[in-house]
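Chain by chain, the residues run as shown.
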Amino acid sequence: MPKIEITMPFEVDADDVDMMIDTNIYRQTSPWISRIDRLEDKQKLNPPHWKVWYDGENDDEGSFASRRVVTREELLAAFGKAAADQWAGKHHGLCCIDDMLTDKSLAIGCAQDSDVVMQYALLGEMVYG
């Protein structure tokens, strides 16, 4: 069966990415994430990034043995991949995607949207649905 790939430009304010993670992910109780620390360059030369403690692919459940730093660019790429996969029917985890696209703001996304984006950034796909 032939496939087509549809791309859509989507400009977002960089602060929206930060707000989506800082506001939503911190407030949720995600069973696969133990902790997230926002790391900032004290001289403000680089955008913020986040250190995440989580259950990785080969970790015992609840061990939170995996740790990784995630950048704003990785989160933006993860959102794009998660959105494309949702449009392709692979999942329906981005529940606020219509509002985010209409208002051109990732900050509108809820904790579930933030969790899906973080899964794509860290795990490459939506594992926990």
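These lines cover the structure that appears in this document, whether it is placed above or below. Residue positions within a chain follow its written sequence, with the count starting from 1. Side-chain atom pairs in this predicted model are given and counted only at pLDDT of 80 or more, local residue features only at pLDDT of at least 70, and totals for whole chains, interfaces and linings cover all residues. Excluded from the side-chain calculations are hydrogens and water; all other atoms, namely the structure's heavy atoms, are used.

**Comments concerning the environment of Asp16**
Okay, step 1: Think of it this way: any DSSP run of H or I at least four residues long counts as a helix, any run of E at least two long counts as a strand, and we number them from the N terminus. Note on placement: Asp16 falls in helix 1 (residues 14-27).
Okay, step 2: In this structure, the C-alpha to C-alpha distance between Asp16 and Ala107, residues 91 residues apart in sequence, is 4.7 Å.
Okay, step 3: With residues up to four places along the chain from it excluded, the contact list for Asp16 reads Lys104, Ser105, Leu106 and Ala107. It only takes one pair of heavy atoms within 4.5 Å for two residues to be counted as in contact.

**What about the sheet that holds strand 3 (residues 66-71)?**
Okay, step 1: Two strands qualify as a pair provided that DSSP identifies no fewer than 2 bridges between them. A sheet is described by the order of its strands in space; here three strands give the open sequence 1-2-3, paired in antiparallel fashion. In the strand order of this sheet, the two ends are held by strand 1 (33-39) and strand 3, each with one partner. Each strand of the sheet is rotated relative to its neighbour by a mean of 20°, with strand direction disregarded.
Okay, step 2: The sheet contact formed by strand 1 and strand 2 (residues 49-54) spans six bridges and is antiparallel. Counted as the bridge partner of Leu39 is His49 from strand 2.
Okay, step 3: Under this scheme, a helix contributes an axis fitted over its contacting stretch, all axes are lines through C-alpha atoms, and angles between N-to-C directions fall in the 0 to 180 degree range. Helix-sheet contacts for helix 2 (residues 72-87) involve strand 2 and strand 3, and the interaxial angle to strand 3 is about 90°.
Okay, step 4: Contacts from helix 4 (residues 111-123) reach strand 1, strand 2 and strand 3 within the one sheet, and its direction differs from that of strand 3 by about 105°.

**A short note on helix 2**
Okay, step 1: In a helix, the anticipated span is given by 1.5 Å times the number of residues less one. Between its terminal C-alpha atoms helix 2 stretches 23 Å, which fits the 22 Å expected from 16 residues at 1.5 Å a residue.
Okay, step 2: Among the residues of helix 2, those classed as buried are Arg72, Leu75, Ala78, Phe79, Ala82, Ala83, Asp85 and Gln86. The arc enclosing the buried residues of helix 2, seen along the axis, measures out at 160°, which places them on a common side.
Okay, step 3: Two residues or fewer after helix 2 comes Gly89, characterised by a positive phi angle close to 85°. Relative accessibility thresholds used throughout: buried, under 20% of the residue-type maximum; exposed, over 50%; partly exposed, between the two (1.4 Å probe, protein chains only). In this description, the arc belongs to the directions extending from the helix axis to the C-beta atoms.

**Quick look at the packing of aromatic side chains**
Okay, step 1: Aromatic rings from Phe, Tyr and Trp, taking only the six-membered ring of Trp, are treated as a pair when their centres fall within 6.5 Å; an angle between ring planes under 30 degrees marks them as stacked, one over 60 as edge-to-face, and anything in between as tilted. This model, assessed by the stated rule, comprises two aromatic pairs.
Okay, step 2: Aromatic pair Trp32 and Tyr54: ring centres 6.0 Å apart, planes at 80°, arrangement edge-to-face. Taken together, the residues Trp32 in the loop between helix 1 and strand 1 and Tyr54 in strand 2 connect sequence positions 22 residues apart. Across the pair, Tyr54 and Trp32 agree in class, each one buried.
Okay, step 3: Ring geometry for Trp32 against Tyr128: centres 5.5 Å apart, planes inclined by 20°, an arrangement best described as stacked. Taken as a pair, Trp32 in the loop between helix 1 and strand 1 and Tyr128 in the segment after helix 4 lie far apart in primary sequence, 96 residues in all.
Okay, step 4: Connected via pairs of aromatic rings, a cluster forms that spans Trp32, Tyr54 and Tyr128.
Okay, step 5: The criterion for a charge sitting over a ring is simple: Lys NZ or Arg CZ within 6 Å of the ring centre, and within 35 degrees of the ring normal. Here Arg35 stacks its cationic end above the ring of Trp53, 4.3 Å away from the centre of that ring.

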